[in-house]
Amino acid sequence: MAQLIDIRRVAVAPKHFTARVTIANGGPLMTDEDLVGTTHVYNLLPQITEHACLGDSGETFRDVMGSTEVAHLLEHVTIELMAQTGLGGDVSCGRTWEVTGEPRTYDVQLACPDDVLVASALSSAAWILQWAYSGGADPKPDVAAIVSGIRELVENAEQIAEREDAEDAEDADTREEDADEPAHATVGEQVEEPQTDAVPGEGEA
């Protein structure tokens, strides 16, 4: 199968991360179009069935997983990966809706405790669904390794940001010191005194 999920663009707001995704032609739009693939996802991440899912007919994702949008499944796989990193806080649900006028296209909105965390989890979730709906061949994805990789990416990004902030603050301090320092003549430079015309003394004509 060609790439199942195309993450076309993302938008990051203070509280939300929204991704516009398109499901490839020939790929399942609904989970009941390929129940074998959906079962592969469940066997890999059974915890997703306990997620709150208040926008559908049931109270948890278990109630709808067998017949819901694949983009909706992508949302919950992303949430579960975020939760397993321990870095996402109390993130238990998001929102997924079809984009009007764009076939096979959905917006997936997630709470955004950290944009690197959400982006990494989303791309990993898309890869897991690609595996599941392409036959679920061995070796199956190593969830623990995926979660560890996401956590490492987030921690490295935080360290880089802290280092850049420290460098920016140091540069700002240096500029302030340079601005406050009085100007001095260069060593060896002669400063000419202003010349005045001689004033004739008494008796001089």
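Every value quoted in this text rests on a predicted model; they were computed, and no experiment measured them.

About the criteria used
- Residues numbered from 1 in each chain as written.
- Predicted model: local features only at pLDDT ≥ 70, side-chain atom pairs only at ≥ 80, totals over all residues.
- Heavy atoms only, no water.
- Pairing = 2+ DSSP bridges.
- Helix = DSSP H or I, 4+ residues; strand = E, 2+ residues; numbered from the N terminus.
- Axes fitted to C-alpha atoms, helices over the stretch in contact; angles between N-to-C directions.
- Contact = heavy atoms within 4.5 Å.
- Parallel < 35°, antiparallel > 145°, perpendicular 65-115°, else oblique.
- Left-handed = near helix turned anticlockwise from the far one by under 90°.
- Salt bridge = Lys/Arg side-chain N within 4 Å of Asp/Glu carboxyl O.
- Buried < 20%, exposed > 50% of the residue type's maximum accessible area, 1.4 Å probe, protein only.
- Arc of directions from axis to C-beta.

Engineer: Residues and numbers for the sheet that holds strand E1 (residues 5-12), please.
Structural biologist: Pairing within the open sheet is antiparallel, and its four strands lie in the order E1-E2-E4-E3. Each of the sheet's edge strands pairs with one partner strand only, and the pair in question is E1 and strand E3 (94-98). Going across the sheet, the axis of each strand differs from the next one's by a mean of 20°, ignoring polarity. One ladder, built from seven bridges, connects E1 with strand E2 (residues 16-23); its direction is antiparallel. Pairing of Ile 7 across the sheet is with Val 21, part of E2. Contacting E1, E2, E3 and strand E4 (105-111), helix H2 (residues 70-85) crosses the sheet at an angle of about 25° to E4. Set on the sheet, helix H3 (residues 115-132) makes contact with E1, E2 and E4; between it and E1 the angle comes to about 165°.

Engineer: So what about the packing of helix H1 (residues 35-44) against H3? Which residues, and what values?
Structural biologist: For the pair H1 and H3, interaxial distance at closest approach is 8 Å and the crossing angle is 130°. When the interaxial angle is binned, H1 and H3 end up oblique. Once H1 is placed against H3, the crossing between them reads as right-handed. Within the contact between the two elements, H1 uses Gly 37, His 40, Val 41 and Leu 44 and H3 uses Ile 128, Leu 129, Trp 131 and Ala 132.

Engineer: Let's hear about the pattern of salt bridges: which residues, and what values?
Structural biologist: For the structure on display, the rule yields four salt bridges. For the salt bridge of Arg 20 with Asp 107, the shortest nitrogen-to-oxygen distance reads 2.8 Å. In this pair, Arg 20 is assigned in strand E2 and Asp 107 in strand E4, connecting sequence segments 87 residues apart. For the pair shown, Arg 20 and Asp 107 are each scored as buried.

Engineer: Run through H1, naming residues and quoting values.
Structural biologist: All of the buried residues in H1 are Gly 37, Thr 38, His 40, Val 41 and Leu 44. Seen end-on, H1 carries its buried residues on one side only, within an arc spanning 150°. Projecting away from the buried face of H1 at angles above 90 degrees are the exposed residues Val 36 and Asn 43.

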